[in-house]
Amino acid sequence: MGILQDKVILVAGLANEKSLAWGTSQSIVREGGQLVISCQEALLGRVEPLAAKAGDAPVFVCNVNSDEEIAKMADGIRERFGRLDGIVHSIAFAPREALKKPFVETTREEFQIALETSAHSLNALVAGLLPLMENGGSVVTFTFDTYHAYPNYNVMGVAKAALEAEVRYLAFNLGERKIRVNAVSAGPPNTLAARGISGFSSMKQDSVERAPLGWDPDDTGPVGDATAYLLSDLSRAVTGTVHYVDGGTHISGV
Ligand SMILES: NC(=O)c1ccc[n+]([C@@H]2O[C@H](COP(=O)([O-])OP(=O)(O)OC[C@H]3O[C@@H](n4cnc5c(N)ncnc54)[C@H](O)[C@@H]3O)[C@@H](O)[C@H]2O)c1
């Protein structure tokens, strides 16, 4: 028996086999969870074959900036499973231009797009799926070091700071419903989202060199396994936290 036996868990934000969402999906299936996947419409062709390899997980199309699409997905999950025990929010976006110029030049529109898609979407997704979590549950989102400023991470760093604050407010609000909310602060992976950041390879190299445990940007397994723990009853008294899964880079002074 795995630690997620009989739990129905949505992973929102699968793009391809390099995604943190894919490493997480594999951990969920290995631990006995019933996986449900959501993705953007344009990615269906890539995601459906992956879902077939992950216990034939059902796939829903969901743009998290649309309350209608979130509601439609909630109906679909209710129809199929009647409930949800976990949500993994693995979603971020900022206009490419905003990730390669000085932060001070960020426009209102770029700020709004980045914050809506990368931070508010957690709140929107949880609010829309809350009626399916009457028995409590666990929500996990993915963040990246919000303490330091990095070249070109820019408005995404600001969005991640908002996301981490949201984790605390959601955890505060939803504790009485026995719903836990946590973030995993991941070391940099070789994903599509990462490649959208100019100079990402030097950020990645820095993490590899500073991590006391070392860090493999091609291995999403450590993030997936830590997320599985946060989705499981083993973390039943853990909420509102940011859990670092970065090989220890965040504590390294060199
Ligand atoms: N790449 C990094 O260095 C890094 C480090 C730590 C945390 N993270 C975070 O991990 C999460 C997953 O990113 P990833 O690195 O696996 O890359 P990824 O490109 O595989 O995943 C990002 C996902 O966001 C989805 N998305 C964007 N806009 C959306 C919208 N409007 N509606 C629905 N989905 C939308 C994309 O379709 C994609 O599947 C993100 O929150 C990212 O910021 C990434």
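All figures in this text were calculated on a predicted structure; none of them were measured in a lab.

Visitor: Lay out the side chain of Lys204 with the relevant residues and their values.
Guide: Position of Lys204 relative to the elements: it lies in helix H7 (residues 200–210). One buried charged side chain, Lys204, makes no salt bridge at all; its nearest oppositely charged neighbour is Asp218, positioned 6.7 Å away. For Lys204, the residues in contact, after removing those within four places along its chain, are Pro188, Asn190 and Pro217.

Visitor: So what about the packing of aromatic side chains? Which residues, and what values?
Guide: Here the structure, examined in full by the defined rule, presents two aromatic pairs. Their ring planes at 50° and their centres at 5.2 Å tell us that Phe144 and Tyr150 sit as a pair that is tilted. Tyr150 gets classed as buried once you look at its relative accessible area, which sits at 17%. When the ring of Phe144 is compared with that of Tyr153, the centres are 5.3 Å apart and the planes differ by 75°; the resulting orientation is edge-to-face. Classification of Phe144 by relative accessible area gives buried; the value is 10%. Taking relative accessible area as the criterion, Tyr153 reaches 7% and is therefore assigned buried.

Visitor: Break down the site of the ligand for me, citing the residues and quoting the values.
Guide: For the ligand, the set of nearby residues contains 28 residues, the closest of which are Ser19, Leu20, Gln40, Lys160 and Thr191. Interatomic distance of 2.8 Å between a side-chain N/O atom of Lys160 and an oxygen atom of the ligand. A distance of 2.4 Å is found between an oxygen atom of the ligand and a side-chain nitrogen or oxygen belonging to Thr191. Summarising the interface, the protein chains cover 95% of the accessible area of the ligand, which totals 820 Å² for the free molecule. Elements supplying a minimum of two residues to the shell around the ligand: strand E5 (137–143) and helix H6 (192–195).

Visitor: Provide a residue-level description of the environment of Arg80, including the pertinent values.
Guide: Within the secondary structure, Arg80 is located in helix H3 (residues 67–81). A C-alpha to C-alpha distance of 9.2 Å links Arg80 and Pro58, two positions 22 residues apart in sequence.

Visitor: Explain the pairing of strand E6 (residues 179–186) to me, using residue names and the numbers behind them.
Guide: Sheet faces and side chains relate simply in a regular strand, where the side chains alternate between the two faces. Taking burial as the measure, the eight residues of E6 include eight buried ones, the bulk of the element. Side-chain alternation along E6 places Ile179, Val181, Ala183 and Ser185 on one buried face and Arg180, Asn182, Val184 and Ala186 on a second face that is also buried. Taken together, the seven bridges between E5 and E6 define a ladder with parallel strand orientation. Among the inter-strand pairings, Gly137 is bridged to a residue of E6, identified as Ile179. This β-α-β element, E5 to helix H5 (residues 154–174) to E6, shows right-handed connectivity. Pairing analysis gives four bridges linking E6 to strand E7 (residues 242–245), with the strands arranged parallel.

Visitor: Pulling in residues and values, what's your account of the nonpolar core?
Guide: If you look at the biggest cluster of nonpolar residues, it comprises 31 residues, and the most contacted ones within it are Leu84 and Leu129. Listed by contribution, the elements that provide at least two residues to this core are strand E1 (8–12), H3, helix H4 (108–129), H5 and E6. Discounting chain neighbours no more than four positions away, the residues touching Leu129 are Leu10, Met73, Ala74, Ile77, Leu84 and Ile87. Leu4, Val184, Val223 and Ala228 belong to the second largest nonpolar core, which has 29 residues in total.

Conventions we followed
- Residues numbered from 1 in each chain as written.
- Predicted model: local features only at pLDDT ≥ 70, side-chain atom pairs only at ≥ 80, totals over all residues.
- Heavy atoms only, no water.
- Helix = DSSP H or I, 4+ residues; strand = E, 2+ residues; numbered from the N terminus.
- Buried < 20%, exposed > 50% of the residue type's maximum accessible area, 1.4 Å probe, protein only.
- Lys, Arg positive; Asp, Glu negative; His and termini not counted.
- Salt bridge = Lys/Arg side-chain N within 4 Å of Asp/Glu carboxyl O.
- Contact = heavy atoms within 4.5 Å.
- Phe/Tyr/Trp six-rings, centres within 6.5 Å; stacked < 30°, edge-to-face > 60°.
- Near = heavy atom within 4 Å.
- Polar contact = N/O pair within 3.5 Å; in protein donor to acceptor, adjacent residues only side chain to side chain.
- Areas by Shrake-Rupley, 256 points an atom, 1.4 Å probe, with all protein chains shown as cover.
- Pairing = 2+ DSSP bridges.
- Right-handed = clockwise from strand over helix to strand, strands pointing away.
- Core = buried A, V, L, I, M, F, W, Y, C linked by side-chain atoms within 4.5 Å.

Honestly, that's just the spatial picture; any functional story needs more than this.
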